[in-house]
Every structure is written in C-alpha cells, then in structure tokens.
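One letter stands for each residue in the lines below.
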Amino acid sequence: MNMEPTEQLSYILPTVSSVVDRIQVMQMDDPTPCDKFTVHDILDHMMVLGGTFTYWFRGDDAPELKPPGVYGWVPAKEFREVMDDLLAAVTSPGALERMIESPMGTMSGETFARLVALDGLLHGWDLATATGQRFELPPAVIDAVASFAAEALTDDLRDGDTFKSPKQSGPGAGPIERIAAFSGRTVAVAA
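Before going into details, it helps to say that this report is about the structure given with it.

What counts and what doesn't
- Residues numbered from 1 in each chain as written.
- Predicted model: local features only at pLDDT ≥ 70, side-chain atom pairs only at ≥ 80, totals over all residues.
- Heavy atoms only, no water.
- Helix = DSSP H or I, 4+ residues; strand = E, 2+ residues; numbered from the N terminus.
- Rg over C-alpha atoms; globule rule 2.2 N^0.38 Å.
- Buried < 20%, exposed > 50% of the residue type's maximum accessible area, 1.4 Å probe, protein only.
- Contact = heavy atoms within 4.5 Å.
- Lys, Arg positive; Asp, Glu negative; His and termini not counted.
- Charge placed at Lys NZ, Arg CZ, Asp CG, Glu CD.
- Salt bridge = Lys/Arg side-chain N within 4 Å of Asp/Glu carboxyl O.
- Phe/Tyr/Trp six-rings, centres within 6.5 Å; stacked < 30°, edge-to-face > 60°.
- Core = buried A, V, L, I, M, F, W, Y, C linked by side-chain atoms within 4.5 Å.
- Axes fitted to C-alpha atoms, helices over the stretch in contact; angles between N-to-C directions.
- Parallel < 35°, antiparallel > 145°, perpendicular 65-115°, else oblique.
- Left-handed = near helix turned anticlockwise from the far one by under 90°.
- Nonpolar A, V, L, I, M, F, W, Y, C, P; charged D, E, K, R; others polar.
- Expected span 1.5 Å × (residues − 1).
- Arc of directions from axis to C-beta.

1. Considerations on the overall build of the protein
Regarding its fold elements, the protein presents six helices and two strands. When the helices and strands of the protein are listed from N to C terminus, the series reads α-α-α-β-β-α-α-α. Compactness check: the protein gives a C-alpha radius of gyration of 16 Å against a globular reference of 16 Å for 191 residues, within 12% of the reference. Over its C-alpha atoms, taken along the principal directions, the protein stretches across nearly 45 × 40 × 30 Å. Here the protein holds 191 residues, and the buried ones make up 49% of them. Counting contacts in the protein only where the partners sit at least 6 residues apart, residues at least 24 apart contribute 70% of the total. In the protein, which carries 14 positive and 28 negative side-chain charges, the distance between the mean positions of the two groups comes to 4 Å.

2. Some points on the pattern of salt bridges
Considering all chains together, one arrives at six salt bridges under this definition. Here Glu64 and Lys66 are joined by a salt bridge, their closest N and O atoms 3.0 Å apart.

3. Thoughts on the packing of aromatic side chains
Here the structure, examined in full by the defined rule, presents four aromatic pairs. Here the aromatic rings of Trp56 and Phe112 are separated by 5.8 Å at their centres, their planes lie at 50°, and the arrangement is tilted. On the criterion of sequence distance, the pair formed by Trp56 in helix α2 (residues 39–57) and Phe112 in helix α4 (residues 109–130) is long-range, its members being 56 residues apart. Geometrically, the ring pair formed by Phe57 and Phe112 is tilted, given 5.6 Å between the ring centres and 45° between the ring planes. Of this pair, Phe57 sits in helix α2 while Phe112 is found in helix α4, placing the two residues 55 residues apart along the sequence. Note on Phe112: relative accessible area 4%, which makes it buried. Members of the aromatic cluster, each reached through a chain of ring pairs, are Phe53, Trp56, Phe57 and Phe112.

4. Considerations on unusual backbone geometry
Here Lys36, not a glycine, exhibits a phi torsion of approximately 75°, which is positive. Here Lys36 is to be found in the loop between α1 (5–21) and α2. For Lys36, a relative accessible area of 73% gives the class exposed.

5. Quick look at the environment of Thr52
Here Thr52 shows up in helix α2. Accessibility expressed as a relative area gives 12% for Thr52, which makes it buried. Distance in space between the C-alpha atoms of Thr52 and Val187 is 29 Å, their sequence separation being 135 residues. Setting aside chain neighbours within four positions, we find Thr52 in contact with Ala62 and Leu65.

6. Notes on the nonpolar core
Val20, Leu43, Phe57, Leu121, Leu127 and Phe135 are the most contacted members of the largest nonpolar core, which has 58 residues in total. Elements represented by at least two residues in this core include exactly α1, α2, α3 (76–90), α4, α5 (139–152) and α6 (175–182). When residues of this core are assigned to their parent elements, the largest contribution, twelve residues, is made by α4. Non-local contacts of Phe57, meaning those with residues more than four positions away in its chain, are made with Leu86, Ala89, Val90, Ser92, Ala95, Arg98, Ile100, Gly109, Phe112, Ala113 and Val116.

7. Topic: the packing of α1 against α5
Axis separation between α1 and α5 bottoms out at 10 Å; the angle between their running directions is 115°. Between α1 and α5, the crossing angle belongs to the class labelled roughly perpendicular. Helix-helix and strand crossings are classified by hand; for α1 and α5 the assignment is left-handed. Of α5, the residues touching α1 (which contributes Gln8, Tyr11 and Ile12) are Val141, Ala144 and Val145. For the contact of α1 with α5, the residue count by class is five nonpolar, one polar and no charged.

8. Details of α5
An α-helical turn contains 3.6 residues, so any two residues separated by three or four positions project in the same direction. An ideal rise of 1.5 Å per residue puts 20 Å on 14 residues; α5 measures up with 20 Å between its terminal C-alpha atoms. If you check which residues of α5 are buried, you get Val141, Ile142, Ala144, Val145, Phe148, Ala149 and Ala152. One face of α5 carries all of its buried residues, which in axial projection span an arc of 160°. With respect to the buried face of α5, the exposed residues turned more than 90 degrees away are Pro139, Ala150 and Glu151. Turning to α5, the residues buried within the fold contact α1, α4 and α6.

This is the structure:
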C-alpha cells in the first residue's frame, strides 16, 4: 500500500513533538546521530525549515526565517506550533499538486511532502536517540518512508552533508535504524 505523505506526516510530526516535549534543558547541547548537529541545532533546523515549508505548501514565498536563538529552556511549545502549522499547510487544498522550488530542485508538493516525512522521521529519531527516548511509529508509516527513501536517496542527493553514503545498521537494528543507516547516519545498536 502506498501511504499518502499527508498521512505519514500526521503520525511523524506529532510524534516528534512528543519527543521534544520530553527533552530536558541539560540535553540541549548533547550531540546527535546527525553529524555536526546538537539537540539544540536540530530543533532550530526543524523550526526554521518547518516554518519555511509551511509557506511553500501554501504557495507563498517564505520570508527569511531565523532560529529562535540562544535559550535556556526547551522550546517545546514553539516547536509544536511550527509542526502543527506545517501539517495544516501540507494538508491544505492544492498543497500536494503545487510545484515547489526546493533546495533539491523543483518537484511536486507530493514528492516534497515525502522528503519532509523522511526528514522528520530521521530528525525525530536523532532527537530521541540523543535524549534516551524511544521513537515509535506505526509499521505502515515506517515502510512508506523506507520505500520512498530507497528510491529517492540517489547518489546525487548524497552530498556528504544532508545525506551521506549508506552505512551498515547491524543485525539488531529496527526498521527506523535501517532507514537512518541508509541515510548515512552511524547507528549504534545495543546487543
């Protein structure tokens, strides 16, 4: 079954927001499986891009958004607001049919939404892994994202920054860990 990206995002974005709700202030500077990104960096990254994508899915030009900046707290409420707005935008009339000018090229809103689902799943897993949480999604969601990733993550998208060369996930890896390894992340699996 080919699950629509809006359905994928309706699971992924609230799940990531729930992970963010449980992040502790002292974890904000912790490293994540996403090289060069701390927990704080991923939150900033997701809020800026999520806000930008919201405009694009609605067919508007996005202003230059900036991360909230330095803070001594976890911006869980702000993060959830951005993710809720993004979900509303991607499910708005015409969003999936609209052509979107993304950093990865021009593509349909549907294809771009699938990339957003992949990115959300990966960064949700990054945050959960870095903060000692579980990141669980329905198997159908994971399967849909994995199928898309297998086709979409071509060599030309593997720039060594956004996506790296695939890595081995190990025999104890679950489905999300296999997607993470396929994206180029180092996956440590407990024996």
